[in-house]
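An overview of the molecular structure
Each chain, written out:
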Amino acid sequence: MTMRQRHIAHLHLHAALTGARYDDIVELMSGITPHVQAVPPGAVQLDLTSALRYFDLSPYDVVQTARLRLKLFYGIDSSAGLASNRMLAAMAADASAPGETTWIRAGQAADWLHPRPVTALPGIGRATADTLNRYGLHTIGQIADIPAATLQRLLGVGSARLLAERSRGHDPRPVTPSEPAEHLVADLVLERDCLDPAQHHRVVLALADRIGGHLRGERRTTGRLALTVRYADRSSTTRTRTLPEPTSHSPALAAAVLGLLTGLGLQRARVRAFALRADDLRPADSAYRQLSLDPGDARAHAVEAAVDRARRRFGPEAVRPAALAD
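Okay, so let's go over this structure.

1. Side note on the pairing of strand β7 (residues 220–231)
The element β7 is extensively covered by neighbouring structure, given that 10 of its 12 residues are classed as buried. Inspection of the sheet shows β7 paired to strand β8 (residues 236–247) by eight bridges, in the antiparallel sense. Paired with T228 across the bridge in β8 is T238. From the end of β7 to the start of β8, which pair antiparallel, there are four residues, and R234 there has a positive phi angle of about 75 degrees.

Listed below in C-alpha cells is the structure:
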C-alpha cells in the first residue's frame, strides 16, 4: 500500500492582526480542514490532504478557496505556498508575491530548491550562512550535493544532519491542530521600509506600553514575550524571552523587549512591521511578585496607575512616555 501524498498550504496574511482577529482566522480556516496550525503572528498552515475529497477540488483550487474566504470575511489579502510538507510550503509562500500562490508539485522540490540561496532555508542564520559562504557554498543545491562528512566538519553533526535533510526538501513534521494559546498581540505596520534604529526603538517601546496597558486593564500578567520583525523582503524573525516574574508593568516589559530587539541586530535591516506577543497570561491576583525594598519601585507602579486612570478618562494618547513624545 502506498502512502497518500500530503498537500500542505502555508498562507501569509498581509494585515496587522489583533490576537482576537487572528484566532477568528484560525477558526475560519478550520471550516476548510480540521488540520490547521497557527503560525503567529501572521500565517497559518493547513493540511489539505483529507479535505480534497470533500471539496472535490484540486489542492490549488482549495488554496484559492481559503484565500477567497479570507478576502470576503475579513478583507485580508494573502500569499500562499503549496507543497508536500510544512517547510516547502512556507518557503513557497515566502517566494510568492501578495495575491499569488506558488505550488511545488511532487517531484519538483529538488529543481525548485537547488538554485535558491542557503539563507532561504528555515533556521539558517547569518553565522551559519557566513561559514558556508566561506567554503563556496552559496546555494541549496550545493549543500545537497556535498558529502555528509564534509558538512559535518563545517557545522557539527547535529546541524549538518538537519541542514542536509532540509536541503533535499525533507520535513517530517505534521500540521498539528491546537487550540490557540491565550495571548495578547500588539503590532505596527510601518508606512514605508525603515532602516532607522532609533525608529525601531520607538516602535517596540510603544508596543510594550500598549501591551502593558491592555494587561492592566484586564487585570492580567504575562510571563513570556515574543518579538517578531517582518522585513521588506517578506521574511521575518521571531525572538522569545521568558520574564523573571509575571508582570504587567510597562517598564519591565519595555526592558525585556528592548533586549530582544538588541539581540536581533537590526542596524542595517529594512523593517516593514513589528509585532509583540504576550503569552503565559494569568490573573494578576494569582501572579507572584518579588518583594522590593526600593521605594522607587512603588512610586513607579503608583505613577503607572495614575496614567492608566488618565487614559481611561481622556483617551489612550492622553499620556505618553517621554521616549515616545514627538
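2. Topic: helix α3 (residues 59–74)
Under the 1.5 Å per step criterion, the end-to-end length of α3 is 23 Å for 16 residues, consistent within 8% with the ideal 22 Å. Within α3, the full set of buried residues consists of P59, V62, V63, A66, R67 and L70. Down the axis of α3, the buried side of the element spans an arc of 140 degrees, and every buried residue falls inside it. Following α3 by one or two positions, G75 adopts a phi angle in the positive range, close to 65 degrees.

3. With respect to the sheet that holds strand β4 (residues 77–83)
In spatial order, the strands read β2-β3-β1-β4-β5; together these five strands make up an open sheet with mixed pairing. Bordering the open sheet on either side are β2 (36–39) and β5 (101–103), each of which pairs with just one other strand. Across the sheet, the axes of successive neighbouring strands diverge by a mean angle of 15 degrees, strand direction being ignored. Inspection of the sheet shows strand β1 (residues 8–14) paired to β4 by seven bridges, in the antiparallel sense. When the bridges of β4 are listed, L13 appears paired with S78. On top of the sheet, helix α4 (residues 86–94) reaches β1, β2, β3 (43–47), β4 and β5; it is set at about 140 degrees to β4, its chief contact.

4. Concerning empty space enclosed by the protein
For the structure on display, the rule yields one cavity of 30 Å³ or more. Approximately 30 Å³ is the volume attributed to the largest cavity. Surrounding the largest cavity, L17, T18, G19, Y22, P40, P41, H183, V185 and R277 form its lining.

5. So, the nonpolar core
In a soluble, globular protein the nonpolar side chains are often hidden away together inside. Residues I211, L227, V229, L266, F274 and L276 are the most contacted members of the largest nonpolar core, which totals 30 residues. Only β6 (184–194), α10 (197–217), β7, α11 (250–264) and β9 (271–279) provide two or more residues apiece to this core. Beyond its immediate chain neighbours, meaning those up to four positions away, L266 contacts H200, V229, Y231, L261, V271 and F274. A83, L88, A129 and I140 belong to the second-largest nonpolar core, a separate cluster that totals 25 residues.

Reading guide: rules and limits
Residues numbered from 1 in each chain as written. Predicted model: local features only at pLDDT ≥ 70, side-chain atom pairs only at ≥ 80, totals over all residues. Heavy atoms only, no water. Buried < 20%, exposed > 50% of the residue type's maximum accessible area, 1.4 Å probe, protein only. Helix = DSSP H or I, 4+ residues; strand = E, 2+ residues; numbered from the N terminus. Pairing = 2+ DSSP bridges. Expected span 1.5 Å × (residues − 1). Arc of directions from axis to C-beta. Axes fitted to C-alpha atoms, helices over the stretch in contact; angles between N-to-C directions. Contact = heavy atoms within 4.5 Å. 1 Å grid on protein atoms, 1.4 Å probe; cavity = no way out; pocket = protein on both sides within 12 Å on 5 of 7 lines; lining within 4 Å. Points joined across faces, edges and corners; volume = space filled by probe spheres on them. Core = buried A, V, L, I, M, F, W, Y, C linked by side-chain atoms within 4.5 Å.

Everything listed here is a matter of coordinates, which is why it stays silent on function.
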